[in-house]
Structure formats: structure tokens, C-alpha cells
Amino acid sequence: MSSVLQGFTKSLAMTFVSEIGDKTFFAAAILAMRYPRRLVLSGCLSALIVMTILSATLGWAAPNLISRKWTHHITTLLFFGFGLWSLWDGFKQGGGGSEELAEVEAELDADLKSTGKTKDSSKIEDENKKQKRPFLTQFFSPIFLKAFSINFFGEWGDKSQLATIGLAADENPLGVVLGGVVAQFLCTTAAVIGGKSLASQISERIVALSGGMLFIIFGIQSYLTSIEA
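Residues numbered from 1 in each chain as written. Predicted model: local features only at pLDDT ≥ 70, side-chain atom pairs only at ≥ 80, totals over all residues. Heavy atoms only, no water.

A word on the packing of aromatic side chains
Considering all chains together, one arrives at 9 aromatic pairs under this definition. Aromatic side chains phenylalanine 152 and phenylalanine 153 sit 5.4 Å apart centroid to centroid with 90° between the ring planes, which places their arrangement in the edge-to-face category. With a relative accessible area of 61%, phenylalanine 153 lands in the exposed category. Three or more aromatic residues joined by ring pairs form one cluster here, namely Phe79, Phe82, Trp85, Phe215 and Phe218. The lysine or arginine in question, lysine 10, covers the ring of phenylalanine 218, its NZ or CZ lying 5.5 Å from the ring centre. (Phe/Tyr/Trp six-rings, centres within 6.5 Å; stacked < 30°, edge-to-face > 60°. Buried < 20%, exposed > 50% of the residue type's maximum accessible area, 1.4 Å probe, protein only. Lys NZ or Arg CZ within 6 Å of the ring centre and 35° of its normal.)

Details of the nonpolar core
The biggest cluster of nonpolar side chains holds 22 residues, and the ones touching the most others in it are Ile20, Phe25, Leu31, Val40 and Val104. Elements with a minimum of two residues in this core: helix H2 (23-34), helix H3 (37-65), helix H5 (99-114), helix H7 (142-155) and helix H9 (173-201). With 8 residues, H2 is the single largest residue contributor to this core. Beyond its immediate chain neighbours, meaning those up to four positions away, isoleucine 20 contacts Phe25, Cys187, Ile202 and Val207. (Core = buried A, V, L, I, M, F, W, Y, C linked by side-chain atoms within 4.5 Å. Helix = DSSP H or I, 4+ residues; strand = E, 2+ residues; numbered from the N terminus. Contact = heavy atoms within 4.5 Å.)

Things to note about the packing of helix H1 (residues 4-19) against helix H8 (residues 159-170)
Contact geometry for H1 and H8: axes closest at 10 Å, N-to-C directions at 170°. By the criterion of interaxial angle, the relationship of H1 to H8 is roughly antiparallel. Together, Lys10, Ser11, Met14, Ser18 and Glu19 of H1 and Ser160, Ala163, Thr164 and Leu167 of H8 make up the contact between the two elements. For the contact of H1 with H8, the class distribution of residues is 3 nonpolar, 4 polar and 2 charged. (Axes fitted to C-alpha atoms, helices over the stretch in contact; angles between N-to-C directions. Parallel < 35°, antiparallel > 145°, perpendicular 65-115°, else oblique. Nonpolar A, V, L, I, M, F, W, Y, C, P; charged D, E, K, R; others polar.)

Have a look at this one:
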């Protein structure tokens, strides 16, 4: 079985380039502008950590359902497929501002309107009261649940989740989890602290091209490993 360090390094790099310009990154940045940062950060991180552990567990269990030879081949194809997908997205991206940021912001605004939530004074007072509650009870606040649900369901079936499953099937699952969690922490913290100003400065094209090249490199490495075996 591959070393923990190798799984950690691959997972850290893959998750970072996948999440830094992802919808969940933009969602965390926008939510942090509207609600207390501590609640948004805890909600987003909790969802992403749970998703990372769940994905790595599925990847770890995959060789028990399918032969390791086939899981290795599937993982190789996933890396090449995601690499080409990301490169294609990168070449299609323009050099201007973030279209995805505007899209995520519009979706969140529509969600606020549909649930009847407005920014009137009574709501602001209610949120201020909730911030004064004991630390543990804040984890059960509507803001925490909102941040958790947006990030959890936003990641479900996403490219980064499928790639994590494939990586955990081919590398040490513990290393994959640790690398993924560290990368999620770095990306989400940057989004929450930097807010919309940081998110709007991120070049989606560069992120997509970098991610595509990284996936291709992982695919080539996985393919060469299968030949050597």
C-alpha cells in the first residue's frame, strides 16, 4: 500500500486546485459577508471534512467490491478524464471577472427570497442574540446548518469528490483524508477571511488549467505504475 505521505501530498494538491475556484469556495466567501464568520467557517469546514472522510471511505472500500487491478484502471481513467475536462474548461474561460462568483451569488439571493428571509432590523437583532449564546449551541444555529448544507450538497457528485474516491482507492486512505482536510481548511479559511474581494480576483482560467495539468500528471503516474506492476 502506498505511503501516507504520498497520499497526503497528492490529496493536498488535488483538493487545493479543485476547491480554490469551486462553487463552494465562492459560496463560503459570500456567506461570510452576510453572516458571522465563525459560524460560516465551522459550517463549511464541517461539511467538507465529512464529505472528504465519506469519499475516502468509499474509495477504501472499492477494492473490496472490485479487484484492485480494475480500481486502479478506473482511477487512471478518472484522472485523465478530469484533466481533459479541466483543461477544456480553462481554454473556454475568458480573462475577465468571475462568472461563477456572480452565478453563486445570484443563487444565494434567490434562495433568500424563496425562504422569505430579509435583512430587516428584527433579523439582525435575532442574529446578534444568537451570537451571544454559549459556544456549543451556536453549532446548531440556522446559519451553521445553512453553510453546512450548501457545501455538503454542493460537493456531492462534484469532480473533487469523485477524484477523492478514486485517489483513496489507489493511495493510502489516511493520507488522502489528511491531505484533503488540510486543503479544505486552507481554501475555506481563505474564502471566509478574504470574502468576495479575494474570490473576485481569482482567475478561473489559471485554476482550471493548473488543475487539468495536475490531473494529467496523476493519470500518467498512475498509468506508469500499472505498467511496472
